[in-house]
Amino acid sequence: MPLPEPRLVHRRPVTIEWGDCDPAGIVFYPRYFAMFDASTAFLFQAALGMPKIAWTRKFGMLGIPMVDTRATFSIPSAYGDEVIIESRVTAFRRSAFDVQHRLLKADGALGVEGFETRVWTVRDPESGRIRSAPIPEAVIAAFA
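It should be emphasised that the depicted structure is a prediction, and the values quoted were computed from it without experimental measurement.

**Q** Describe the sheet that holds strand β5 (residues 110-119), and please don't skip the residues or the numbers.
**A** Across the sheet, which stays open at both edges, the five strands sit in the order β1-β3-β4-β5-β2 with antiparallel pairing between neighbours. Lying at the two open borders of the sheet, with one neighbouring strand each, are β1 (10-15) and β2 (66-73). Averaged over all pairs of adjacent strands, the angle between strand axes in this sheet comes to 20 degrees, irrespective of strand direction. In this structure, β1 lies alongside strand β3 (residues 82-92), joined through six bridges in antiparallel fashion. Bridging across to β3, proline 13 finds its partner in isoleucine 84. Against the sheet, helix α1 (residues 29-48) touches β1, β2, β3, β4 (96-104) and β5, its axis set at about 115 degrees to β4.

**Q** With reference to specific residues and values, describe the side chain of serine 77.
**A** For serine 77, the position within the fold is in the loop between β2 and β3. Dropping the residues within four chain positions of it, serine 77 is found in contact with Ile16, Gly25, Ile26, Val27, Tyr32, Val83, Leu103 and Lys105.

**Q** Could you give an account of the packing of aromatic side chains, naming the residues involved and the relevant values?
**A** What describes a pair of aromatic rings is the distance from one ring centre to the other and the angle between the planes of the rings. Counted under the stated rule, the structure contains 10 aromatic pairs. Ring centres 4.9 Å apart and planes at 65 degrees place the aromatic pair phenylalanine 44 and phenylalanine 143 in the edge-to-face group. Residue phenylalanine 44 is found in helix α1, and its partner phenylalanine 143 is found in helix α3 (residues 137-143); the two are separated by 99 residues along the sequence. By the burial criterion, phenylalanine 44 is buried, and phenylalanine 143 matches it. Aromatic pair phenylalanine 59 and tryptophan 120: ring centres 6.0 Å apart, planes at 75 degrees, arrangement edge-to-face. Of the two residues, phenylalanine 59 sits in the loop between α2 (52-58) and β2 while tryptophan 120 sits in the loop between β5 and β6 (121-123), which places them 61 residues apart along the sequence. The class for phenylalanine 59 is partly exposed, based on a relative accessible area of 21%. Taken together, the ring pairs connect Phe44, Trp55, Phe59, Phe92, Phe97, Trp120 and Phe143 into an aromatic cluster. Across the ring face of phenylalanine 115, the terminal group of arginine 70 is positioned such that the distance to the ring centre comes to 4.1 Å.

Definitions and limits used
Residues numbered from 1 in each chain as written. Predicted model: local features only at pLDDT ≥ 70, side-chain atom pairs only at ≥ 80, totals over all residues. Heavy atoms only, no water. Pairing = 2+ DSSP bridges. Helix = DSSP H or I, 4+ residues; strand = E, 2+ residues; numbered from the N terminus. Axes fitted to C-alpha atoms, helices over the stretch in contact; angles between N-to-C directions. Contact = heavy atoms within 4.5 Å. Phe/Tyr/Trp six-rings, centres within 6.5 Å; stacked < 30°, edge-to-face > 60°. Buried < 20%, exposed > 50% of the residue type's maximum accessible area, 1.4 Å probe, protein only. Lys NZ or Arg CZ within 6 Å of the ring centre and 35° of its normal.

By themselves, these are just geometric observations and shouldn't be taken as functional.
Encoded structure:
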C-alpha cells in the first residue's frame, strides 16, 4: 500500500543575525544548513504537536540524522534581513524521508533551496548500535 502524500508545509520567520554572516556581510553558507536543521525540528513539532525531546521519547527513537544534504544558493542574505523558511517532507520511505527547505526573501524571492535525506533511528537493544527503524504510521499520517 503506498504511503500517504505529505502535505504539511511549516513556515517560520528568521532574522539574519550578525553571527550568521562572513566578513563580506552575507550569510556564511554553513549557517543555512544550521537554519534548515532547526526548521526540520520545527516542522516535526508542528506535525506532531510536541517538541523534539518529547517525540523522540514518545516514539522510543534516537533522532533523525541526516545522510544526504545539498543546497542551491540564488540570492544572498545579509545581517538584519527578515526571511521566511518554508519546510516540508517531500517523501516518506520505510525508514528514510526527504525534506525540502525554501528560504524566501522579504519580497518572496527564493534565496536558498535546501534538500535533506534523513533516517529514523533507534538503538539496537542487543548490540547497542544505532540503526534505522520503520517510521511509525502515526508520524507519517501527521504530515498528510
